[in-house]
Amino acid sequence: NLFINISYFFPMKTNSQAVRLFRTILKFHRDNLPQMHREIGDKYVKLEFKQHKGANEEQTKKFISEWNDYLNAMKTNRSEFGRHMKDEQIKSLNPSQVEKLTDLKNLTKNN
């Protein structure tokens, strides 16, 4: 079980938002996802929040906004998990993000 304390990862202004969002996402996963999806989702969420440790205020606001969108989409489409990314979202990914997304896609296909 990967436990991380994200309270020190984000700039002070957005720290409480990030912590609250992190906990809300994990709670949603626990209450709504099948076990296999939950395990994959929880690992991904924890890794993403941990990797944004050094984000500046602007990056953190975008990060929180995207994860809020994810949570809202999950709440809206409880029977249908996942969605296609918009072209502008795909184009804005850096090579590391593309690699992570590809790995996640392959992991979900193999399970």
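Read on for an overview of the structure.

Rules used throughout
Residues numbered from 1 in each chain as written. Predicted model: local features only at pLDDT ≥ 70, side-chain atom pairs only at ≥ 80, totals over all residues. Heavy atoms only, no water. Helix = DSSP H or I, 4+ residues; strand = E, 2+ residues; numbered from the N terminus. Contact = heavy atoms within 4.5 Å. Phe/Tyr/Trp six-rings, centres within 6.5 Å; stacked < 30°, edge-to-face > 60°. Buried < 20%, exposed > 50% of the residue type's maximum accessible area, 1.4 Å probe, protein only. Salt bridge = Lys/Arg side-chain N within 4 Å of Asp/Glu carboxyl O. Expected span 1.5 Å × (residues − 1). Core = buried A, V, L, I, M, F, W, Y, C linked by side-chain atoms within 4.5 Å.

**What to know about the overall build of the protein chain**
And then number 1: The helix and strand tally for the protein chain stands at five helices and zero strands.
And then number 2: Along the protein chain, from the amino end to the carboxyl end, the secondary structure elements read α-α-α-α-α.
And then number 3: Within the protein chain, contacts between residues separated by at least 24 positions form 63% of all contacts whose residues are at least 6 apart in sequence.

**With respect to the packing of aromatic side chains**
And then number 1: The full count for this structure, using the stated rule, is six aromatic pairs.
And then number 2: Relative to tryptophan 67, the ring of tyrosine 44 lies with its centre 6.1 Å away and its plane at 50°, an arrangement referred to as tilted. Note that tyrosine 44 is positioned in helix H2 (residues 35-51) and tryptophan 67 in helix H3 (residues 57-76), a separation of 23 residues in sequence.
And then number 3: On the basis of relative accessibility, which here comes to 24%, the residue tyrosine 44 falls in the partly exposed class.
And then number 4: Exposure remark for tryptophan 67: the relative accessible area of 9% places this residue in the buried category.
And then number 5: A connected cluster of aromatic rings, assembled from ring pairs, spans Phe22, Tyr44, Phe49, Phe63, Trp67 and Tyr70.

**Observations regarding the pattern of salt bridges**
A side chain of one charge can pair with a side chain of the opposite charge if their charged atoms are brought near each other.
And then number 1: In total, this model carries five salt bridges according to the counting rule given.
And then number 2: Residue arginine 30 is joined to aspartate 31 by a salt bridge in which the shortest nitrogen-to-oxygen separation is 3.5 Å.
And then number 3: The class of arginine 30 is partly exposed, set by a relative accessible area of 47%.

**Focus: H2**
And then number 1: Over its 17 residues, H2 runs 24 Å from end to end, which matches the ideal 24 Å to within 8%, given 1.5 Å per residue.
And then number 2: Within the span of H2, buried status applies to Ile40, Gly41, Asp42, Val45, Lys46, Glu48 and Phe49.

**Quick look at the nonpolar core**
And then number 1: Within the largest apolar cluster, 14 residues are counted, with the highest numbers of intra-cluster contacts made by Leu21, Ile25, Val45, Phe49 and Trp67.
And then number 2: Among the secondary structure elements, those contributing two or more residues to this core are helix H1 (12-32), H2 and H3.
And then number 3: The element contributing the most residues to this core is H1, with six residues.

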